[in-house]
Amino acid sequence: MSMPLESVPFSELLRQPVETTERLSRARAVRLRRRDAADLVLMSADRAAAEGEVVDLTARLLASVVRREPALVREVLPTVLPWVRFLPPQDVEQMADEFVATAEAAAALGSTAALSQLLTEWRHSAEIHADPDLHRILAEPSSDDFGPVTRPAGE
């Protein structure tokens with residue numbers, strides 16, 4: 001799963017479809033770089049189905065293990081996600097619980113988007129805890145209303 005993706009401009013797929021798709025015999029997938037939009041990934045349907053099956057099985061297996069040994073996930077999280085070490089212990093416990101529940105639900109839906117979002121949110125929390133100045137600023141009580149938040153560019 002960690003095999004690197006070959007990366008080519010999207011236009012190569014349009015100009016040389018056979019040659020571009022033949023790259024799949026040497027790579028797990030091909031990243032199609034686009035200038036004005038998010039990149040795409042080209043992968044064989046068999047490979048996508050196999051990877052989906054592995055994700056589903058892994059999520060269900062993890063959920064089953066955690067039900068029997070809940071402390072195990074909390075114990076191994078820092079070796080898998082080193083940034084977890086910056087979270088307070090109660091947050092690690094909460095993250096582990098949310099991770100397992102979300103992984104199980106995501107597998108049932110066949111979409112890992114929610115799990116990816118959860119990891120991003122917890123990683124940002126760890127970044128805040130890792131920076132004492134930022135943590136102090138964000139932890140201070142505030143009675144001010146800073147007004148409406150503008151939508152980020154590109155959203």
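What you see is a predicted model, and the numbers here were worked out from it, not measured in a lab.

Enquirer: Explain the environment of Arg-74 to me, using residue names and the numbers behind them.
Expert: Turning to its location among the elements, Arg-74 is positioned in helix H4 (residues 70–80). Relative accessible area serves as the criterion here: at 24%, Arg-74 is assigned to the partly exposed category. Sequence separation of Arg-74 and Leu-109 is 35 residues, and the distance between their C-alpha atoms is 25 Å. In this structure, Arg-74 is in contact with Val-92, Glu-93, Ala-96 and Asp-97, ignoring residues within four places of it in sequence.

Enquirer: Account for the nonpolar core, with residues named and values stated.
Expert: By size, the foremost hydrophobic cluster in this structure holds 20 residues, and its most contacted members are Leu-77, Trp-83, Val-84, Leu-87 and Met-95. Here this core takes seven residues from helix H5 (residues 89–109), the largest share from any one element. With near-sequence residues (within four places) excluded, Leu-87 lies in contact with Val-92, Met-95, Trp-122, Ser-125, Ala-126 and His-129.

Enquirer: Now, about the side chain of Glu-51: what can you tell me, with residues and values included?
Expert: Looking at the secondary structure, you find Glu-51 in helix H3 (residues 45–68). Looking at Glu-51, the relative accessible area reads 13%, which means it is buried. Only 2.8 Å separates the side chain of Glu-51 from the side chain of Arg-28, close enough to count as a polar contact.

Definitions and limits used
Residues numbered from 1 in each chain as written. Predicted model: local features only at pLDDT ≥ 70, side-chain atom pairs only at ≥ 80, totals over all residues. Heavy atoms only, no water. Helix = DSSP H or I, 4+ residues; strand = E, 2+ residues; numbered from the N terminus. Buried < 20%, exposed > 50% of the residue type's maximum accessible area, 1.4 Å probe, protein only. Contact = heavy atoms within 4.5 Å. Core = buried A, V, L, I, M, F, W, Y, C linked by side-chain atoms within 4.5 Å. Polar contact = N/O pair within 3.5 Å; in protein donor to acceptor, adjacent residues only side chain to side chain.

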